[in-house]
Amino acid sequence: MVIAEMVDDLSTTFKALSHPIRRQILDALINGPMSTGDLNERFPDVTRYAVMKHLGMLESANLITIRRVGRVRLNYLNAVPLREMYNRWVNKYEDQDAHSLLSLKEKAEQSVGRHEEMENGLKQDSFQIEQEITINATRDKVFKALTEDINDWWAYRLNGDQGSTLSFEPKVGGQFLESWGDGEGALWGVVTYIKAPEEIRMNGLLGMRGAVNSAYTYSLEEKGDQTVLKLSHHAYGLLDPQWRDAHDGGWQELLGQFLKEYVESGKRPEKG
């Protein structure tokens, strides 16, 4: 059952990537979301109806996510299916010492050492990340992993290799906390809204420093025997231009690989 579903998902992804216009749409969304009208203007020789058909195919393949702001439809790149393809055919054969994906962990560690150097490079800015991942498990099981089991799959640690424990309090005002003993630790987030097993909203810097406001939301939707987990992460303030890409890659790894593998097969990543 699971294998058949994986094959179907991959077939849909490959079909969506087979057309050059759909690939160009994904290229256009790399730098951030675009409205359907803006995308239509990029293809003057293609009718609006055809562009909408291409967007529908990308949405069906889970390669884009849609958010509406008033009457405007914003299209976001969702790179999680591409990451799943990478993990299946490429990642296992690469030299891990020679190549590492850009990740939230790396940027969280680098930002500490580079903070003084970057001070003049920070600028008032904002970013929004939208991702979706389909997990072959019930919504209750995914929600439990996001809360009670957080220490088993969330591999990133601000304390590096020194050892620490993660805990999550599933209640309003509850803390997502990394502790390394003697009252020391780091706060990854604070719960501002929770409705089990449907939604969790949190505020948290997630490795960023300084005058930054950052909020992220998990929304869980049932889809037959599967759960569609939707992430929305919005940050604004004095930002390093690299933080957006770092967090986008970090979320892909955390949710699209570590969480998915843990929920579906019980596999736990190495912590560090």
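Everything that follows concerns the structure shown earlier in this document.
Quantities reported herein were computed from a predicted structural model and do not represent experimental measurements.

Engineer: Mind laying out the packing of helix α2 (residues 20-29) against helix α4 (residues 48-60), listing which residues take part and the relevant values?
Structural biologist: It is at 10 Å that the axes of α2 and α4 come closest, and there the two elements cross at 75°. Between α2 and α4, the angle falls in the class roughly perpendicular. Counting all contacts with α2, which are made through Ile21, Arg22, Ile25 and Leu26, the residues of α4 involved are His54, Leu55, Met57 and Leu58. Along the lines of polarity and charge, the residues of the contact of α2 with α4 split into 6 nonpolar, 1 polar and 1 charged.

Engineer: Provide a residue-level description of empty space enclosed by the protein, including the pertinent values.
Structural biologist: To find leftover empty space, a probe the size of one water molecule is rolled over the atoms. By the definition in use, this model includes 1 cavity of 30 Å³ or more. By volume, the largest cavity amounts to about 50 Å³. If you trace the largest cavity, you find it lined by Leu29, Ile30, Gly32, Pro33, Tyr76, Leu77, Arg244 and Asp248. Mapped onto the lining of the largest cavity, the elements with two or more residues apiece are β3 (72-77) and α9 (243-265).

Engineer: So what about the nonpolar core? Which residues, and what values?
Structural biologist: Among the nonpolar cores identified, the biggest contains 41 residues, and Trp153, Trp154, Tyr218 and Trp251 are the most heavily contacted of them. Considering each element in turn, this core owes the most residues, 8 residues, to α9. Contact partners of Trp154, with chain neighbours within four places excluded, come to Leu166, Phe176, Trp188, Leu206, Tyr218, Trp251 and Leu254. Grouped together as the second largest cluster of nonpolar side chains are 21 residues, Leu10, Leu17, Ile21 and Leu63 included.

Engineer: Can you explain the environment of Asn75? Please cite residues and give values.
Structural biologist: Residue placement: Asn75 occurs in strand β3. The sequence separation of Asn75 and Met34 amounts to 41 residues, and the corresponding C-alpha distance is 5.4 Å. Engagement of the side chain of Asn75 in a polar contact is seen with the side chain of Thr36, the distance being 3.2 Å.

Scoring rules and cut-offs
- Residues numbered from 1 in each chain as written.
- Predicted model: local features only at pLDDT ≥ 70, side-chain atom pairs only at ≥ 80, totals over all residues.
- Heavy atoms only, no water.
- Axes fitted to C-alpha atoms, helices over the stretch in contact; angles between N-to-C directions.
- Helix = DSSP H or I, 4+ residues; strand = E, 2+ residues; numbered from the N terminus.
- Parallel < 35°, antiparallel > 145°, perpendicular 65-115°, else oblique.
- Contact = heavy atoms within 4.5 Å.
- Nonpolar A, V, L, I, M, F, W, Y, C, P; charged D, E, K, R; others polar.
- 1 Å grid on protein atoms, 1.4 Å probe; cavity = no way out; pocket = protein on both sides within 12 Å on 5 of 7 lines; lining within 4 Å.
- Points joined across faces, edges and corners; volume = space filled by probe spheres on them.
- Core = buried A, V, L, I, M, F, W, Y, C linked by side-chain atoms within 4.5 Å.
- Buried < 20%, exposed > 50% of the residue type's maximum accessible area, 1.4 Å probe, protein only.
- Polar contact = N/O pair within 3.5 Å; in protein donor to acceptor, adjacent residues only side chain to side chain.

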